[in-house]
Amino acid sequence: PELILSGIQPTGSPHIGNFLGVLSKWVSLQQTAHDSVTLLYPIVDLHALTIPRDPEQLKKSKIETAIVLLACGIDPARSLIFEQSRIPAHTELAWFFNCITPMGWLSRMTQWKSKLKLKTNSQFSEHDVLSASGLCLGLFSYPVLQAADILLYKATHVPIGEDQVQHLELTRDIAEMFNKMFRQNVFPLPLPITTSAKRIMSLYDPSKKMSKSDPENTRINMSDPPEIIAEKIKKSTSDSLKYITYDPETRPAIANLVTIYAAVQGITIDQVVVEHGKSNIKTFKDAVTQVLVEKLSPIQEEIQRLRLEQGYVQQVLKNGAEKASIIAENNLDEIRRVVGLK
Ligand code: ATP
Ligand code: MG
């Protein structure tokens, strides 16, 4: 890798799906990536606008997201964390990409398709639905902005959860098309980095991934106190079998708990099944709660401390944006020349 970039939306408080899926990787890359590799972790606030949000809540979520990143171990001396909207080059590059990306590529995105399907009632045509549903252009085209976030810095590697794999493929397609169109090798084609916990599922509906934008009780937030964690795990979906197996097809909820346990402990799925195969579900749920509480408690101490240091957190974001914008402006200057604006 030469430049690693990965974003998080300030759409709520980060949860263990974000943490086990990507944030833990962001942290470990600080040790494992060579010193020459630049690490960029933007808080992508422009993406959070694709669904209407309370402005005050958005501001709070941004700070809280930055706090959680720092508490998880992001070191501002090694990695840049910053607010996407502080660097206007993201939106300018997104416009260039908007002008070359076929709409068909975007309408194939499964996230868009599922949002459209949620709103579609068989009585109405797709045209009627699109007019009246509140589905907006930004929600349709946000994968283009995401491509701009990544390519603006000429990122070579992008740590992501499985839900973002298709969007990263789109990013590669856009990069390739741009390079071909202008007959210059401007952008590298970025590769994904995933972890063993690439898809942590909702605690109540194991057919859906755990998400910030879902109801509170479907996920475990990084800042949830032990009694809340215990309660959420206890109430999470179960079945009536009296032992533990890993079978995502027939026992998706239990498989999800096994995945969480393995990821938190840094062991394999097989090891969990060997260790806990004979446990009943209640005992296993208690064990999952225990390892989660142990893992999160030092992070939560840091979260508490940083909540009282908002000035420091703001300063970290400001420094991050200043440094990232040097790379961004430099690359954008080249891109403006390539497209003929300069
Ligand atoms: P939202 O519901 O607002 O989209 P989110 O929980 O999906 O929030 P994002 O900010 O969209 O979080 O994603 C940040 C990163 O976390 C992405 O790389 C995404 O792939 C990853 N991620 C999100 N949810 C999960 C999950 N359940 N398991 C593993 N990785 C996840
Ligand atoms: Mg998401």
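Residues numbered from 1 in each chain as written. Chains lettered and ligands numbered in written order. Predicted model: local features only at pLDDT ≥ 70, side-chain atom pairs only at ≥ 80, totals over all residues.

## Digging into the overall build of the chain
Phase 1 of the analysis: Each helix and strand in the chain was counted, giving 14 helices and five strands.
Phase 2 of the analysis: On C-alpha atoms alone, the chain measures out to a radius of gyration of 21 Å, which is about the 20 Å that the 2.2 N^0.38 rule sets for 342 residues.
Phase 3 of the analysis: Projected onto the principal axes, the alpha-carbon positions of the chain cover approximately 65 × 55 × 40 Å.
Phase 4 of the analysis: A burial count over the chain gives 38% of its 342 residues as buried.
Phase 5 of the analysis: The long-range fraction of contacts in the chain, counting pairs at least 24 apart against all pairs at least 6 apart in sequence, stands at 77%. (Helix = DSSP H or I, 4+ residues; strand = E, 2+ residues; numbered from the N terminus. Rg over C-alpha atoms; globule rule 2.2 N^0.38 Å. Buried ≥ 20, exposed ≤ 12 C-beta atoms within 10 Å, placed from the backbone. Contact = placed C-beta atoms within 7 Å.)

## Some details on the site of ligand 1
Phase 1 of the analysis: Around ligand 1, a shell composed of 19 residues is seen, among which Thr11, Gly17, Gly21, Gly161 and Ser213 lie nearest.
Phase 2 of the analysis: Looking at the shell around ligand 1 residue by residue, the class counts come to five nonpolar, nine polar and five charged. (Near = placed C-beta within 6 Å. Nonpolar A, V, L, I, M, F, W, Y, C, P; charged D, E, K, R; others polar.)

## Remarks on the domain arrangement of the chain
Phase 1 of the analysis: Structurally, the chain comprises domain 1 (3-199 + 310-339) and domain 2 (224-305).
Phase 2 of the analysis: Computed from C-alpha coordinates alone, the two centres of domain 1 and domain 2 are separated by 30 Å.
Phase 3 of the analysis: If you list the elements that add at least two residues to the side of domain 1 that touches domain 2, you get α1 (16-32) and α3 (55-72).
Phase 4 of the analysis: No other element matches the four residues that α3 contributes to the side of domain 1 that touches domain 2.
Phase 5 of the analysis: Partitioned by chemical class, the residues of the side of domain 1 that touches domain 2 number seven nonpolar, one polar and no charged. (Domains from an automatic or database assignment.)

## Things to note about α1
Along an α-helix, residues three or four apart share an orientation, since each turn contains 3.6 residues.
Phase 1 of the analysis: Where α1 bends most, the angle comes to about 45 degrees, and this point is Val22.
Phase 2 of the analysis: Of all the residues in α1, the buried ones are Ile16, Gly17, Asn18, Phe19, Leu20, Gly21, Val22, Leu23, Ser24, Lys25, Trp26 and Leu29. (Bend = angle between axes of the 7 residues up to and from the residue.)

## Focus on unusual backbone geometry
Phase 1 of the analysis: One non-glycine residue, Lys154, adopts positive backbone phi at about 55 degrees.
Phase 2 of the analysis: Tracing the sequence through the fold places Lys154 in the loop between α8 (137-151) and β4 (157-159).
Phase 3 of the analysis: Although it is not a glycine, Arg183 adopts a positive phi angle of roughly 50 degrees.
Phase 4 of the analysis: Relative to the helices and strands, Arg183 resides in the loop between α9 (165-181) and β5 (191-193).

## Description of the nonpolar core
Phase 1 of the analysis: Core analysis: the largest hydrophobic core is formed by 80 residues, its most contacted members being Ala66, Leu70, Ile81, Leu93, Ala148 and Ile260.
Phase 2 of the analysis: No other element matches the nine residues that helix α11 (residues 252-265) contributes to this core.
Phase 3 of the analysis: Residues lining this core come from more than one domain, with at least three contributed by each of domain 1 (3-199 + 310-339) and domain 2 (224-305). (Core = buried A, V, L, I, M, F, W, Y, C linked by C-beta atoms within 7 Å.)

## Here's the deal with α11
Phase 1 of the analysis: Between the first and last C-alpha of α11 there are 20 Å, a value that for 14 residues agrees with the 20 Å anticipated at 1.5 Å per step.
Phase 2 of the analysis: Burial within α11 is extensive, with 11 of its 14 residues counted as buried.
Phase 3 of the analysis: Buried within α11 are the following residues: Ala253, Ile254, Asn256, Leu257, Val258, Thr259, Ile260, Tyr261, Ala262, Ala263 and Val264.
Phase 4 of the analysis: After α11 finishes, the residue Gly266 shows a positive phi value of roughly 65 degrees. (Expected span 1.5 Å × (residues − 1).)

## A word on the environment of Arg108
Phase 1 of the analysis: Positionally, Arg108 belongs in the loop between α5 (103-107) and α6 (110-119).
Phase 2 of the analysis: Separated by 58 residues in sequence, Arg108 and Gln166 place their C-alpha atoms 9.6 Å apart.

## Considerations on the environment of Arg172
Phase 1 of the analysis: Its place among the elements puts Arg172 in helix α9.
Phase 2 of the analysis: The spatial distance from the C-alpha of Arg172 to the C-alpha of Leu189 is 5.2 Å, given a sequence separation of 17 residues.

## A look at the pairing of strand β3 (residues 79-83)
Phase 1 of the analysis: With five of its five residues buried, β3 lies for the most part within the structure.
Phase 2 of the analysis: Alternating positions in β3 separate into two faces, Ser79, Ile81 and Glu83 on one and Leu80 and Phe82 on the other, with burial throughout.
Phase 3 of the analysis: Here five bridges tie strand β2 (residues 38-43) to β3, and the two strands are oriented parallel to one another. Along β3, the bridge assignment pairs Pro42 with Phe82. (Pairing = 2+ DSSP bridges.)

## What to know about the pairing of β2
Phase 1 of the analysis: Burial within β2 is extensive, with six of its six residues counted as buried.
Phase 2 of the analysis: In the classification by handedness, the crossover that spans strand β1 (residues 3-5), the intervening α1 and the parallel β2 is right-handed. (Right-handed = clockwise from strand over helix to strand, strands pointing away.)

## Focus: the confidence of the model for the chain
Phase 1 of the analysis: Per-chain confidence: the chain averages 95 in pLDDT, with 98% of residues scoring 70 or above.
Phase 2 of the analysis: Predicted as a complex, the structure gets a pTM of 0.96 and an ipTM equal to 0.99. (pLDDT = per-residue confidence, 0-100.)

## Looking at the packing of α3 against helix α14 (residues 310-339)
Phase 1 of the analysis: At a minimum axis separation of 10 Å, α3 and α14 run at an interaxial angle of 85 degrees. As judged from the angle between their axes, α3 and α14 are roughly perpendicular. Between α3, through Ile63, Ala66, Ile67 and Leu70, and α14, the contact on the second element is made entirely by Gln310, Val313, Val316 and Leu317.
Phase 2 of the analysis: When its residues are assigned to classes, the contact of α3 with α14 shows seven nonpolar, one polar and no charged. (Axes fitted to C-alpha atoms, helices over the stretch in contact; angles between N-to-C directions. Parallel < 35°, antiparallel > 145°, perpendicular 65-115°, else oblique.)

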